[in-house]
Amino acid sequence: MCGIVGFVGKHQAAPILLEGLSKLEYRGYDSAGIAVRDGDKKAEVVKATGRLKNLEEKTDDGKAVVGSCGIGHTRWATHGGPSQTNAHPHVSGNCSGSASGTVESDVVGVHNGIIENYQELKEKLLKHGYEFYSETDTEVAIKLIDYYYKKYKVGPIDAIAKTMVRVRGSYALEVMFADYPNEIYVARKDSPMIIGVTDGETFIASDVPAILNRTKNVYYIGNNEMARLVAGQAEFYDLNGDQIEKELVEIKFDVESAEKGGYEHFMMKEIHEQPKVVRDTFNSLYKNGTVDLSEVGLTEEDIKGFSGVCFVACGSAWHVGMAAAYVIEDLAKMPVRVELASEFRYRKPVIDKNMLVVVISQSGETADSLAALREAKARGNKVLAIVNVVGSSIAREADYVLYTLAGPEISVATTKAYSCQLMATYMLALELGVVRGELSQEKCAEYLSELEQIPECIEKILDDKERLQWFAAKFANVKDVFFIGRGIDYAISLEGSLKMKEISYIHSEAYAAGELKHGTISLIEDGTLVIGVLGQDDLYEKTISNMVECKARGAYLMGLTAYGHYEIEDTADFVSYIPKMDGHFIGSLLVIPLQLLGYYISVARGLDVDKPRNLAKSVTVE
Ligand code: G6P
């Protein structure tokens, strides 16, 4: 969480920093700040609480802050509440709490991540005469750099290296030293950071969209590495302070994919991109009429050696694992486990060494998923990453990488990345099934032609979205929503419920329909909205029975099912239909009306759809 940007070059830094931050606001949005230097003058720091527009107003869109070297930050509070004092940048001196002004400090910096041992370090620094104005862990890190810088009279790289050895936790850190004008120093461990270089200019950002319209040529700075950045150049260093070589990589995303393109919200734009990106993801894994995972690196030999699959992920990515488990168990007849990364990493799970661990992550930077990946590797398991962001930490550390081709996803609530992840797991399931002899080539070909239909079917659902908009307006003030389903329908209910609660702030729960009567049904009262997800033909009547039980207790019933099941109108008060599809893959269609419902209810309630309160897109803290 938190987004960082930096710039050194020929232009004025502040407007570039603000523009970059506006693309990263999805990472955190409770306060923002910049520090800019004009040649060898002291840095000027400006901060504002609330959304970025407050900082833009305060700096006259950056025009009021002069200088061509600077750093910026948008915050998602961890240590210390959202306030001007706790907002970044932080400084080595005694005050950066003011709204704006020139800072006398020798070191000024911004940070994304968490310094876990900051209390212990703070005590050490207090003994050495440092005073603290904020409650943040970042202020401690900046002061520690200052301490080593002065104590050992070393250059910036050595001072940062000594700090890196002392701190525990995660960081993407940007620092400017008063003695080194027109230079920015950065360090990274477990928090994302990329460095873009173009003719005479250098950019730093937490994520690609922040610099996409400036350059597509980036360096990926690795874990425990540092860099010295000057206009148009980057030098990299390891923890010993020795210089290391890096290759410039070209990013494939195009600029438009990170813009709203006429839609009111990124979420709606991303919902509409699903047919294309799901098709792209399918095509990238489909060659000569069959599944081809050669680019992923998974050989037939590897697959034959796996005893099962263990999905590990967070949030919606975990929901993908939940749906995929049903598909793989049925098509490849392999045992499947689905684990929450935050639990897996600490539970000391007993998993067979030959299980393939599959980490699913849009950002490739989720702290818990990354830690789970490392845990699995340390246990000797092979790890496949299903990741959207190229070059992300999870992609780099996995044994095999399957890239989803969703493009940049900006809305905090995921839609298109989720759909691409589902597609990726279907292709994996088919390949596992064929290689292990559980699925004939003919049956696989049949399934593949079904998968090819998904993008077109999604388009059809999107064409009919107005009915859902009408329904959402009617239920915008509902208090509780329950999503129920069985099998894959249950996995999709989990996602539908998350979409609803995260952007509309309406309490919602997803239940395996058969489980309802073991407690939850006592919550059903007059007017409670119950959404029955009915994609599995063999379980259809069972779930209908559970819906009827809710209706008998006053619930208003919405049914979500395939065209043809018109008899549902005898039971449900409102029905949303989707095209027919094989039950293994129908989740890809069922989820679309649920995304739309969450979206429209959020809009009807006048909420900030793309940036829901308290959330951040990329959760780089545990
Ligand atoms: C956050 C996002 C979710 C996402 C989850 C996991 O909570 O809001 O949309 O599913 O993180 O993120 P990842 O990047 O690992 O997929």
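Residues numbered from 1 in each chain as written. Predicted model: local features only at pLDDT ≥ 70, side-chain atom pairs only at ≥ 80, totals over all residues. Heavy atoms only, no water.

Looking up the protein chain in an unreviewed UniProt entry gives the name Glutamine--fructose-6-phosphate aminotransferase [isomerizing], with the organism given as Pseudobutyrivibrio ruminis. Listed under Catalytic activity (unreviewed entry) in UniProt, the entry text for the protein chain is "D-fructose 6-phosphate + L-glutamine = D-glucosamine 6-phosphate + L-glutamate". (UniProt positions renumbered as here; feature names shortened; annotations may be inferred.)

Now for the pattern of salt bridges. Across all of its chains, the model carries 30 salt bridges by this definition. Ionic pairing is found between D368 and R345, a salt bridge with its closest N-O pair at 2.6 Å. Taken together, the positions of D368 in helix 11 (residues 367-378) and R345 in helix 10 (residues 341-347) put the pair 23 residues apart, joining distant regions of the chain. Exposure class is identical for D368 and R345. Each is buried. Via salt bridges that share partners, K189, D190, R374 and E397 belong to a single interconnected network. (Salt bridge = Lys/Arg side-chain N within 4 Å of Asp/Glu carboxyl O. Helix = DSSP H or I, 4+ residues; strand = E, 2+ residues; numbered from the N terminus. Buried < 20%, exposed > 50% of the residue type's maximum accessible area, 1.4 Å probe, protein only.)

Right, let's talk about a negative patch on the surface for a bit. Negative charge collects at one region of the surface, where E456, E459, D463, D464 and E466 lie side by side. With 3 residues, helix 14 (residues 441-463) is the largest single contributor of residues to the negative patch. (Patch = residues over 30% accessible without salt bridge, like charges linked within 9 Å, V, L, I, M, F, W, Y side chains within 5 Å. Areas by Shrake-Rupley, 256 points an atom, 1.4 Å probe, with all protein chains shown as cover. Lys, Arg positive; Asp, Glu negative; His and termini not counted. Charge placed at Lys NZ, Arg CZ, Asp CG, Glu CD.)

On domain assignment, one finds that the protein chain holds domain 1 (3-251), domain 2 (266-463) and domain 3 (466-604). The C-alpha centroid of domain 3 is placed 46 Å from the C-alpha centroid of domain 1. (Domains from an automatic or database assignment.)

Take the nonpolar core next. Ranked by size, the top nonpolar core spans 101 residues in total, and within it I328, L384, L451 and I454 carry the most contacts. Top element by residues in this core is helix 13 (residues 416-435). It accounts for 14 residues. Residue assignment places this core across two domains, with domain 2 (266-463) and domain 3 (466-604) each supplying three or more. Leave out the neighbours within four places in its chain, and I454 touches V278, M423, Y426, M581, F585, S588 and L589. Residues A13, I16, L18 and L52 belong to the second largest nonpolar core, which totals 33 residues. (Core = buried A, V, L, I, M, F, W, Y, C linked by side-chain atoms within 4.5 Å. Contact = heavy atoms within 4.5 Å.)

Our focus in this paragraph is unusual backbone geometry. Residues H88 and P89 are joined by a peptide bond in cis, for which omega reads -5°. Tracing the chain through its elements places P89 in the loop between strand 4 (69-75) and strand 5 (90-91). In the Ramachandran plot, K153 falls in the positive-phi region, its phi being about 50° despite a non-glycine side chain. With respect to the element layout, K153 can be found in the loop between helix 4 (137-151) and helix 5 (156-166). With phi around 60°, N224 is a residue other than glycine that occupies positive phi space. You can see N224 is positioned in the loop between strand 12 (217-220) and strand 13 (225-230). Of the residues examined, N224 reaches a relative accessible area of 29% and is grouped as partly exposed.

As for its placement among the helices and strands, C314 is situated in the loop between strand 19 (308-313) and helix 9 (315-332). Spatially, the C-alpha atom of C314 lies 5.7 Å from that of L340, the residues being 26 residues apart in sequence. If we skip the residues at most four places from it in the chain, C314 touches A341, T366, D368 and S369.

A separate point is helix 16 (residues 488-504). For helix 16, which comprises 17 residues, the first-to-last C-alpha distance of 24 Å matches the rise-based estimate of 24 Å (1.5 Å per residue) to within 8%. Positive backbone phi, at 60°, marks Y505, one or two positions downstream of helix 16. (Expected span 1.5 Å × (residues − 1).)

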